[in-house]
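Structural overview for review
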Amino acid sequence: MQALIHHLKYYLAIVKLSYMTALTYRASHVLRYFRILMEFIISIIFINIVFSKTSNLGAWTRPEVFLVFAIWTTAFSAHFLLLSDSLHQTSRDIREGEIDFLLTRPLDSQFLSTFRAVHVDNIFRVFGGIIMMIYSLNHLFVIIPIANWILFGAQFIASVVILYSFLFLGVSAAFATSGTEQLNILESILQVGKYPMDIFNPKITIVMSSILPLIFISTIPARTLLGKLDYLSWIIFPIAGILFFISRTAWKFALRHYSSASS
């Protein structure tokens, strides 16, 4: 319990420091909001252009595609808000040999590597994703049972864990590659998850649900809200646990290798 309190105090201090740092550069702060707004506008225009040529995309209607996009945006925005800056900084520190200062602190090294900064501007991305989700649900005219909402909430948390675990593997890989591009590559690959996985070739869909965890980030939670439950609706939870275990094991293995290399 004492360790949990120490970790919580550290994280609250990081949040406060990140907020104060963001306010230091007010012009950049405002321009970043404008960039976020433009990203939403461009994405909405793109989806509308696609549906101006067709009434559905695979088995998905326009409001349903917006729902998938909204869930993906909310999950990925949570990543950019809470994790992205920290993971990239950790990757750079590994490359430059400056990770030692994290390893000497009395807190868990993976926790310190994960929560080093909070990109407060991205909270507007989260709100934007939630607003888009409400918009799409209003245009679906469906009544969603409470049980589905509860399952969706659990799936959303699991999807964020999957997203984090997948990307943290990229951070651990920096010990072997001495570079940071692998994290950028993984974030680029995950961009595919903003669209329903069903619209792709069945073989690609299998890859998206096995080798790459893309289908679990937005498509499966969206199916739950639409009442389209299947075995993937439940397998998301062990997948999240397994991926987190793998990412933590890979981090510990990399640290042992790093220690032996620097000793």
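Overview of the structure. (Residues numbered from 1 in each chain as written. Predicted model: local features only at pLDDT ≥ 70, side-chain atom pairs only at ≥ 80, totals over all residues. Heavy atoms only, no water.)

Describing the packing of aromatic side chains
Basically, it comes down to this: Each aromatic pair joins two rings of Phe, Tyr and Trp (for Trp, the six-membered one) with centres within 6.5 Å, and gets the label stacked for planes under 30 degrees apart, edge-to-face for over 60, and tilted for any other angle. Helix and strand labels come from DSSP, where a helix needs a run of H or I of at least four residues and a strand needs a run of E of at least two; each type is numbered from the N terminus. Relative accessibility decides the category of a residue: with a 1.4 Å probe and only protein chains considered, values under 20% of the type maximum give buried, values over 50% give exposed, and everything between is partly exposed. Counting as a charge over the ring demands two things of the Lys NZ or Arg CZ atom: a distance within 6 Å of the ring centre and an angle within 35 degrees of the ring normal.
Counted by the stated rule, this structure contains 12 aromatic pairs. Note on F46 and Y195: the rings are 6.2 Å apart at their centroids and 55° apart in plane angle, and the pair reads as tilted. Of this pair, F46 sits in helix α2 (residues 26-51) while Y195 sits in the loop between α9 (181-189) and α10 (202-209), and the two are 149 residues apart along the sequence. For F46, a relative accessible area of 43% puts it in the partly exposed group. A relative accessible area of 23% means that Y195 is categorised as partly exposed. In this arrangement the basic side chain of K228 is found over the ring face of W60, its NZ or CZ atom lying 5.3 Å from the centre.

A word on α9
Along an α-helix, a turn takes 3.6 residues, which lines up residues three or four apart on a common side. Definition in use: Each C-beta atom gives one direction from the helix axis, and the arc is the one those directions make. Two residues qualify as a contact provided that any one of their heavy atoms is within 4.5 Å of a heavy atom in the partner residue.
All of the buried residues along α9 are Q182, L183, L186 and E187. What you see down the axis of α9 is that its buried residues fit within an arc of 140°, all on one side. On the buried face of α9, the contacting elements are α3 (62-82), α4 (84-96) and α8 (146-177).

Some words on the packing of α8 against α9
Quick reminder of the rule: Where helices are involved, their axes are fitted lines through C-alpha atoms of the stretch in contact, as for all axes, and angles between N-to-C directions lie from 0 to 180°. Oblique is the label for every angle not falling under 35 degrees (roughly parallel), over 145 degrees (roughly antiparallel), or within 65 to 115 degrees (roughly perpendicular). Put simply, a crossing is left-handed when the front helix is turned counterclockwise from the back one by less than a right angle, and right-handed when it is turned clockwise.
The interhelical angle for the contact between α8 and α9, taken along N-to-C directions, is 155°, at an axis separation of 8 Å. The pairing of α8 with α9 is recorded here as roughly antiparallel in orientation. The handedness of the crossing between α8 and α9 comes out as right-handed. On α9, the residues touching F166, L167, G170, V171, A173, A174 and T177 of α8 are Q182, L183, L186 and E187.

Some remarks on the environment of H88
Position of H88 relative to the elements: it lies in helix α4. Residues in contact with H88, not counting those within four places in the same chain, are L183, N184 and E187.

Quick look at a nonpolar patch on the surface
Test applied: In this scheme, patches are assembled from residues that exceed 30% relative accessible area and form no salt bridge. Like charges are connected within 9 Å, while nonpolar side chains (Val, Leu, Ile, Met, Phe, Trp, Tyr) are connected within 5 Å. Note on areas: these come from Shrake-Rupley sampling with a 1.4 Å probe, and a residue is covered only by the protein chains present in the view. A side-chain nitrogen of Lys or Arg and a carboxyl oxygen of Asp or Glu constitute a salt bridge if their distance falls within 4 Å.
Together, F34, L37, M38, I41, I42, I45 and I49 give the surface a local cluster of nonpolar side chains, amounting to about 640 Å² of exposed area. As for its position among the elements, F34 is in helix α2.

So, the nonpolar core
What counts is decided by this rule: Residues belong to a common nonpolar core when they are buried Ala, Val, Leu, Ile, Met, Phe, Trp, Tyr or Cys residues joined through side-chain atoms within 4.5 Å.
L67, I71, L87 and L190 are the most contacted members of the largest nonpolar core, which has 68 residues in total. No other element matches the 12 residues that α8 contributes to this core. Every residue in contact with L67, bar those within four places of it in the chain, is listed here: M133, S136, L137, L140, A222, L225 and L226.

Things to note about the packing of α3 against α8
Put simply, the test is: Ten residue types, Ala, Val, Leu, Ile, Met, Phe, Trp, Tyr, Cys and Pro, are classed as nonpolar, four, Asp, Glu, Lys and Arg, as charged, and the remainder, Gly among them, as polar.
Running from amino to carboxyl end, α3 crosses α8 at an angle of 50°, the nearest separation of the two axes being 10 Å. With respect to each other, α3 and α8 are oriented oblique. α3 and α8 meet at a crossing whose hand is right-handed. Contacts between α3 and α8 pair I71, T74, A75, F76 and H79 from the former with F152, F156, S159, V160, L163 and L167 from the latter. Each residue belonging to the contact of α3 with α8 can be placed in one class, and the counts come to eight nonpolar, three polar and no charged.

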